[in-house]
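# Tertiary structure, described
The residues making up each chain are set out below.
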Amino acid sequence: MTTKPQQPLISLCMIVKNEADNLARCLRSVRGAVDEIIIVDTGSTDTTCSIARSFGARIIDYPWNGDFAAARNAGLALARGTWILVLDADEELDPGSRDELLVCAKHTEYEAFFVRIHNHQGTERASQTLTVNPILRMFKNRPNYRFSGIIHEQIAAVIVQETPDAAMHMGTVIVHHYGYAAGVVERKDKISRNLGLLKQQLEESPGDAFQHFNLAVEYMRLGDYGQALEHIGTSLNLAEPGTSYIHLLYKYKARCLAVTGDSPGALEACGQGSSLFPDYPDLHHLKGALLLQVSALAEAKAALRRALQIGASPPLYHTESGIGTYLTHTLLGQVCQQIGEDHEAAACFTRAAQLQPDPWPLIPRLTRLFKCTGREPELHGWLAGQLPGILSEQRQELLRLLVRDGCYTAAADMLGGGVRAGVAAGEMDGGVQNAGEIDTVMRDAGASGATMQSAGVIDAAVQDVGTVDAMTQSAGEIDSVMQGAGAVNDAALEVPPAADLLELLQRAEAASAAELGYDDITGLLSHPAVVPADRNTEVPLSAIAAAVQPWILLADKVLAALITSAIYSPAAAAARLSLPLPRSAD
């Protein structure tokens, strides 16, 4: 007896052109999740089609006619699955979402499912996620469900039109997208292509709110914020209430106004948007950033606290990674620091570092805060208790950072291997290292620079806030710049015992502003534990910053002495916190 072939459950439908670099990754990601693969090729001249065949895909040759929806629909017409899954070649299904996708497919009471598109900064899954966007990507395979729009083609409106009572589920399936990573957009000239197609679409349908929104996005990418604002305004006027992207229109309007210098208008847009979408953390975060720019600190704090109360954005909103969590904690820490709430600022920076995928960039800010508020003796214990991974995984980098920022007590604690008595924070011991282990740490320390960055600059685009480019110093150039000024030429030196560095640190920590001289600091900065003897001297870096860094530390020492005076204390404390930080990458 012949068994009737089982109907495919999920059909993956794609359109591609010259995607040999990406396609295999995408198709590998859906193994075990889809039952058939249908690929519409619009004119590839590379190995795209042979890669598709190696995965068992059915390939349709479709000459490109400038219409994305038509190409999509050519694949849908041949799909046999109960469900259609739509992916692009520069995307991949998250490994943890395969089973969830299959669970979704069992729920036939729904007509469609939204997935979470994670847009990455780089071209690997491990690279930073910049934005998260909910997009309808899986729907029932019905003959009347077809895409519309020559670009940014959509199907949700068609499904609602054809099935007015259609139930759609906002799932948590994750799809990673790399198409707008640095370099990819320029290489494929996506912006020019998109602008041409969108203008053509608007000539045919001038009242299409969605395409005005898309055109605004492309102009924002080009930096033409005036044109972007025009299309945002048009889209807001045309969009029906409840349209899925209205929350983004308000955020983008606020951002464009902020970039063009209209802070009041940007704040008004944030207010309008948050009144309609009170649970959208991005608008509260952006409002907090704008208020901090104009020094409305109490109001900024309230807005950021509201964003943290909401937390990560609900699934129905487009959001930016870290808003409502680590980016908002970082910004709130800056607000608290300016208000003078130093303990709360330290707690915010620490929480941000705990939540952030890469906590290291926050460590210079945290160490500076402890140092400038008289809590440096607590720093090693705080890090051991709250961020133990920094001590265990980035020990050498932390030691160099502490020395370059003049945190000599904390650096001595690290080399001593223990936590000083009376430490208030962090119960965990950082681990004791003997002298031989310390020598190994110093000998193995990597090449270093001492690039410095200023704190406190707010990015209106609500990305990581507070850093600007500054100066770079070459450890390899210190010797030549500092000849006759007391710098140590360590190229021929062996790494000295731990006691040698400890002695230097203890002297620097104990010296008064008058006693600690330029030569003392340059000698300390040139120590092999801070600037290894095997550093890469071929990298051309700025010698100016190498000369400036000791003066920065001397200035810090003098400002610390002024803090004992009631007259100068507030100004001196603010000046210390504004001194350039060592670059976190060093």
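Residues numbered from 1 in each chain as written. Predicted model: local features only at pLDDT ≥ 70, side-chain atom pairs only at ≥ 80, totals over all residues. Heavy atoms only, no water.

Within the protein chain, the secondary structure is distributed over 26 helices and 12 strands. Across the 586 residues of the protein chain, 53% fall into the buried class. Residue pairs at least 24 apart in sequence account for 69% of intrachain contacts in the protein chain once pairs closer than 6 positions are excluded. When the accessible area of the protein chain is evaluated, it comes to approximately 25,000 Å², of which 52% is carbon and sulfur surface. (Helix = DSSP H or I, 4+ residues; strand = E, 2+ residues; numbered from the N terminus. Buried < 20%, exposed > 50% of the residue type's maximum accessible area, 1.4 Å probe, protein only. Contact = heavy atoms within 4.5 Å. Areas by Shrake-Rupley, 256 points an atom, 1.4 Å probe, with all protein chains shown as cover.)

Attention now moves to the environment of Val 558. Secondary-structure assignment places Val 558 in helix α25 (residues 543–562). Since its relative accessible area comes to 41%, Val 558 is described here as partly exposed. A C-alpha to C-alpha distance of 8.5 Å links Val 558 and Ser 512, two positions 46 residues apart in sequence.

With that out of the way, let us pick up the pattern of salt bridges. Close approach of charged atoms allows side chains of opposite charge to pair. Counted under the stated rule, the structure contains 18 salt bridges. Of the charged contacts, one joins Asp 556 and Arg 576 as a salt bridge, the two residues approaching to 3.0 Å between their closest N and O atoms. Of the two residues, Asp 556 is situated in helix α25 and Arg 576 in helix α26 (residues 569–578); the sequence distance between them amounts to 20 residues. Exposure class is identical for Asp 556 and Arg 576. Each is buried. Three or more residues joined by partner-sharing salt bridges are found here, namely Lys 251, Arg 255, Asp 282 and Glu 320. (Salt bridge = Lys/Arg side-chain N within 4 Å of Asp/Glu carboxyl O.)

Time to look at the nonpolar core. Core analysis: the largest hydrophobic core is formed by 64 residues, its most contacted members being Leu 366, Leu 398, Leu 399, Leu 402, Val 403 and Leu 505. Contact partners of Leu 366, with chain neighbours within four places excluded, come to Ala 346, Phe 349, Thr 350, Trp 382, Leu 383 and Leu 387. Grouped together as the second largest cluster of nonpolar side chains are 51 residues, Phe 68, Leu 198, Phe 213 and Met 220 included. (Core = buried A, V, L, I, M, F, W, Y, C linked by side-chain atoms within 4.5 Å.)

Turning to the packing of aromatic side chains, a few remarks are in order. By the definition in use, this model includes 12 aromatic pairs. Taking the centre distance of 6.1 Å and the plane angle of 85° together, the rings of Phe 277 and Tyr 317 count as edge-to-face. Of this pair, Phe 277 sits in the loop between α11 (263–276) and α12 (281–293) while Tyr 317 sits in the loop between α13 (297–310) and β9 (319–320), and the two are 40 residues apart along the sequence. Since its relative accessible area comes to 16%, Phe 277 is described here as buried. Given the relative accessible area of 5%, Tyr 317 is considered buried. (Phe/Tyr/Trp six-rings, centres within 6.5 Å; stacked < 30°, edge-to-face > 60°.)

Working note: a packed helix pair is described by the angle between its axes plus the distance between those axes. Taken N-terminus to C-terminus, the directions of helix α9 (residues 225–238) and helix α10 (residues 246–259) make an angle of 150°; their axes are 10 Å apart at the nearest point. On the basis of the axis angle, α9 is roughly antiparallel to α10. The way α9 lies across α10 gives a crossing that is left-handed. Facing Tyr 225, Ala 228, Leu 229, Ile 232, Ser 235 and Leu 236 of α9, the residues of α10 in contact are Ile 246, Leu 249, Tyr 250, Tyr 252, Lys 253, Cys 256, Leu 257 and Val 259. For the contact of α9 with α10, the class distribution of residues is 12 nonpolar, 1 polar and 1 charged. (Axes fitted to C-alpha atoms, helices over the stretch in contact; angles between N-to-C directions. Parallel < 35°, antiparallel > 145°, perpendicular 65-115°, else oblique. Left-handed = near helix turned anticlockwise from the far one by under 90°. Nonpolar A, V, L, I, M, F, W, Y, C, P; charged D, E, K, R; others polar.)

Trans peptide bonds make up the majority, and among non-glycine residues the majority have a negative phi. For His 152, which is not a glycine, the phi torsion comes out positive at approximately 50°. Relative to the assigned elements, His 152 resides in the loop between β7 (129–140) and α5 (156–162). A positive phi angle, close to 65°, is found at Ser 295, a residue other than glycine. Note that Ser 295 resides in the loop between α12 and α13.

You can see Tyr 326 is positioned in helix α14 (residues 326–339). Taking the relative accessible area as the measure of exposure, Tyr 326 reaches 7% and is therefore buried. Residues Tyr 326 and Leu 355 lie 29 residues apart in sequence; the distance between their C-alpha atoms is 5.6 Å. Once you skip the residues sitting within four places of it in the chain, Tyr 326 turns out to touch Gln 128, Ser 321, Ala 352, Leu 355, Gln 356 and Pro 357.

Turning to the pairing of strand β3 (residues 58–61), a few remarks are in order. Bridge analysis of strand β2 (residues 36–41) against β3 gives 4 bridges, and the strand direction is parallel. Along β3, the bridge assignment pairs Ile 39 with Ile 59. Crossover connection from β2 via helix α2 (residues 48–54) to parallel β3: handedness right-handed. (Pairing = 2+ DSSP bridges. Right-handed = clockwise from strand over helix to strand, strands pointing away.)

Take Ser 127: it is sitting in the loop between β6 (112–120) and β7. For Ser 127, a relative accessible area of 18% puts it in the buried group. A polar atom in the side chain of Ser 127 sits 3.3 Å from the backbone nitrogen of Gly 122. Ignoring any residue separated from it by four or fewer positions in sequence, one finds Ser 127 in contact with His 120, Gln 121 and Gly 122. (Polar contact = N/O pair within 3.5 Å; in protein donor to acceptor, adjacent residues only side chain to side chain.)

Before going further, it helps to spend a moment on the pairing of strand β1 (residues 10–16). Remember that side chains alternate between the two faces of the sheet whenever the strand is regular. Extensive coverage of β1 is indicated by the burial of 7 of its 7 residues. Because side chains alternate across β1, one face comprises the buried residues Ile 10, Leu 12, Met 14 and Val 16, and the other comprises Ser 11, Cys 13 and Ile 15, equally buried. The pairing of β1 with strand β4 (residues 83–86) spans 4 bridges and is parallel. Following the sheet pairing, Ser 11 is matched in β4 by Ile 84. Strand direction decides the pairing type here: β1 and β2, joined by 6 bridges, are parallel. Residue Val 16 lies in a different strand from β2, and its bridge partner there is Asp 41.

Our next topic: the confidence of the model for the protein chain. Here the protein chain shows a mean pLDDT of 83. Residues at 70 or above account for 80%. Across residues 418–496, confidence stays below pLDDT 50; counting only partners more than four residues off in sequence or on other chains, it has 198 contacts. (pLDDT = per-residue confidence, 0-100.)

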